[in-house]
Amino acid sequence: LHRIYCQMTRFYLHSPKETTEHIIQAYKHGNLSQICDMSKLKRRLQTTYLVPNVYTEKILIDLNFLAKSLDEMIEDAEFANLKPIDWKSLADNRDFRTIQSFEPEETSVPDEMIATNFQLEQAFVRVRRATLSALVTCLKLGGHTEPSGGGDKGAREQALKDLKESEEALSTWLDKSKSLLGEEKVLDMPQAPYRSEMNSLVDGEHLAGVLHCVKLVQTIMLTATQEKPGVSGADFEPLLKVLDNLKVATATTTSPDWTVVCDLLESNKHAVESFSFFTIFTFSILSLLRTGKGMKKGKKAVLGAKFSHLEPAYKDLTANIQDLGAALHQQLQAIYKTL
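Values in this document were obtained by computation on a predicted structure and should not be read as measured data.

Another aspect to go through is the packing of helix H3 (residues 50-66) against helix H4 (residues 70-79). Contact geometry of H3 with H4 gives a least axis separation of 9 Å together with a crossing angle of 165°. Our classification of the angle between H3 and H4 gives roughly antiparallel. Seen from above, H3 lies across H4 with left-handed handedness. Residues Tyr55, Asp62, Leu63 and Leu66 of H3 form the contact with H4, whose participating residues are Glu72, Met73, Asp76, Ala77 and Phe79.

And the structure:
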């Protein structure tokens, strides 16, 4: 899958040059009627929503599954090129009218169905981009910020700004997605769009867990810089509750029905990914809670004096994440035995 994303990223990156070559060839051979079509293709390839989607998924796979160490994760985060995106300019290049439909009116594919599906696809890309941005920010924080209060003040302020933007994007598009999913209609026909993957993300509380992680990191950062009164074990409770719910959902009994198994695999994919997200956020949280002396290799992890009261809550968080990982492993084994 990662190789496919790499090839697609390379295709979109090189498309301006490739299409320009074809326009030049059209001029040389007098095929002037093709110039307009090639120009439109060049523009549509650069404005498709798949460009940010493919790049985001590629970087997420790099961080979650290909990086073999924490240092490699931090290095990938440093080189992640998360440029601002003009979301309003993104277009839908999918063509659902290629195959003629002679179905009755009640099973036809109206434009409203396609439009709703495209809005859900955009919401999915924006949520994934906000998640990636939060992960990159937290990895940079964990790798370079001095938890004892040192470090670049400008960098901390920028990190807080980035995390706040990620939180707002996640919260906004989570609410909009729930509304859009209520309007979504799915038809098992080649002329109809596929069911949106937002269904698995919203139903499984994966986004809620990421959102609580982002909020918790911000709260600890503001407390460390004395811009907020303090952080307590109660601030960990929403995230711990989400982890408990995910563990309960993971314990779902598998069924020999192939359709149910496919749904479980899709849900499990997002759950495994969320497990990786929680691990990365926990690393960032620990780096903020520890003193500068405790960051030395070979030393036991020590929480700063300001955060020593959070040790039980942090231990509960790490224990819950470990339990979730074990439950996911058991569920995968059970699913594969039914295949």
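Turning next to the state of the cysteines. A complete count under the given rule lists 0 disulfides for this structure. Cysteine Cys138 is unpaired, with the sulfur of Cys213 as its nearest cysteine sulfur at 8.3 Å.

Once that is clear, we can look at the side chain of Thr48. Of note, Thr48 is situated in the loop between helix H2 (33-47) and H3. You can call Thr48 buried: its relative accessible area is 2%. Residues contacting Thr48, with those up to four places away along its chain left out, are Tyr12, Leu90, Ala91 and Asn93.

Moving on, we come to the packing of helix H9 (residues 237-250) against helix H11 (residues 311-338). For any two helices packed against each other, one specifies the crossing angle of their axes together with the interaxial distance. Two elements in contact, H9 and H11, have axes whose closest approach is 9 Å; the angle formed by their N-to-C orientations is 15°. If you check the angle between H9 and H11, you find them roughly parallel. When you trace H9 past H11, the crossing you get is left-handed. From H9, Leu239, Leu240, Leu243, Asp244, Leu246, Lys247, Ala249 and Thr250 reach across to H11, where they touch Asp316, Leu317, Asn320, Ile321, Asp323, Leu324, Ala327, Leu328 and Gln331. Across the contact of H9 with H11, the residue classes tally to 10 nonpolar, 3 polar and 4 charged.

Scanning the model with the defined rule gives 9 salt bridges in all. Note that Asp62 is salt-bridged to Lys58, the shortest N-O span being 3.3 Å. Here Asp62 and its partner Lys58 are both found in helix H3, 4 residues apart, which amounts to about one turn of the helix. Judged by its relative accessible area of 17%, Lys58 is buried. Between Lys247 and Asp244 there is a salt bridge, with the nearest N and O atoms lying 3.4 Å from each other.

Turning our attention to the packing of aromatic side chains. With the rule as written, the count across this model stands at 2 aromatic pairs. Note on Tyr49 and Phe118: the rings are 5.6 Å apart at their centroids and 65° apart in plane angle, and the pair reads as edge-to-face. Placement of Tyr49 in the loop between H2 and H3 and of Phe118 in helix H5 (residues 111-144) is noted, with a sequence separation of 69 residues between them. Using a relative accessible area of 15% as the deciding quantity, one classes Phe118 as buried. For Lys176, the ring lying beneath its charged end belongs to Trp173, and the centroid distance is 4.6 Å.

Glancing now at a negative patch on the surface. Among the surface-exposed residues, Asp71, Glu72, Glu75 and Glu78 lie close enough to one another that they form a single negatively charged patch. Residue position: Glu72 is located in helix H4.

Here is what the cut-offs are and how they apply
Residues numbered from 1 in each chain as written. Predicted model: local features only at pLDDT ≥ 70, side-chain atom pairs only at ≥ 80, totals over all residues. Heavy atoms only, no water. Axes fitted to C-alpha atoms, helices over the stretch in contact; angles between N-to-C directions. Helix = DSSP H or I, 4+ residues; strand = E, 2+ residues; numbered from the N terminus. Parallel < 35°, antiparallel > 145°, perpendicular 65-115°, else oblique. Left-handed = near helix turned anticlockwise from the far one by under 90°. Contact = heavy atoms within 4.5 Å. Disulfide = S-S within 2.5 Å. Buried < 20%, exposed > 50% of the residue type's maximum accessible area, 1.4 Å probe, protein only. Nonpolar A, V, L, I, M, F, W, Y, C, P; charged D, E, K, R; others polar. Salt bridge = Lys/Arg side-chain N within 4 Å of Asp/Glu carboxyl O. Phe/Tyr/Trp six-rings, centres within 6.5 Å; stacked < 30°, edge-to-face > 60°. Lys NZ or Arg CZ within 6 Å of the ring centre and 35° of its normal. Patch = residues over 30% accessible without salt bridge, like charges linked within 9 Å, V, L, I, M, F, W, Y side chains within 5 Å. Areas by Shrake-Rupley, 256 points an atom, 1.4 Å probe, with all protein chains shown as cover. Lys, Arg positive; Asp, Glu negative; His and termini not counted. Charge placed at Lys NZ, Arg CZ, Asp CG, Glu CD.

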